[in-house]
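Observations on the three-dimensional arrangement
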Amino acid sequence: MSRQIFITEKDRIRLQKLINEAKEFHPGSKEYLINLEQELNRAQLVDSKNIPHDVITMNSKVLLKDLDSGEEMIYTLVYPHEANLLENKISVLAPVGTAIIGLREKDIIDWEIPDGIIKLKAEKILYQPEAAGDFNL
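Below: a short report on this structure. Everything quoted here is computed from the prediction, not taken from an experiment. (Residues numbered from 1 in each chain as written. Predicted model: local features only at pLDDT ≥ 70, side-chain atom pairs only at ≥ 80, totals over all residues. Heavy atoms only, no water.)

1. Thoughts on the sheet that holds strand S7 (residues 116-127)
What counts is decided by this rule: Should DSSP find at least two bridges between two strands, the strands are regarded as paired. Under the DSSP-based scheme used, a helix requires at least four consecutive residues in state H or I and a strand at least two consecutive residues in state E, with every element numbered from the N terminus. Note on definitions: angles span 0 to 180 degrees between N-to-C directions of axes, and those axes are lines fitted to C-alpha atoms, for helices only across the stretch in contact.
The sheet built from 5 strands is open, its strands ordered S5-S4-S3-S7-S6 with mixed pairing. A strand with exactly one partner marks an edge of an open sheet, and here the two such strands are strand S5 (89-91) and strand S6 (108-113). Mean inter-strand twist for the sheet, computed between neighbouring axes without regard to direction, equals 45°. Pairing of strand S3 (residues 61-66) with strand S4 (residues 72-78) involves 5 bridges; the strand directions are antiparallel. Each residue of the ladder has a partner; that of leucine 63, found in S4, is isoleucine 74.

In structure tokens, the structure reads:
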């Protein structure tokens, strides 16, 4: 059974545009685009002002926990042009970015990596733009 995810209407429009541009200007196998599009298609659309404050939206800063190792990581989910691993900003097009968008606090996902599968828990949302009243990020 797949988990229910939520996405703001604004994020969906921007992400669909990103997907369409990538398909048009960078043809070829783009599994990550397909994965993101599938997530968007099954997400429940919510107005930015009504998105629950425990949902990971674009530009959210989240504490993730690897349930196998206990390691904790803090990431900000951003658009590809803003991605910067040195600043812990991960692109929504990166596999972990696609996996966490729309998650709620305490949700657990299986993240596939080359060495196998990691169980990640969205431990805490440290910042969500909509919760902070930042509707134009």
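So, next bit.
2. Things to note about unusual backbone geometry
Trans peptide bonds make up most of the peptide bonds, and negative phi angles are found at most residues other than glycine. Not every positive phi belongs to a glycine, and asparagine 88 is a case in point at roughly 60°. Mapped onto the secondary structure, asparagine 88 falls in the loop between S4 and S5. Phi at lysine 106 takes a positive value of approximately 80°, unusual for a residue other than glycine. By secondary structure assignment, the location of lysine 106 is in the loop between helix H3 (95-100) and S6.

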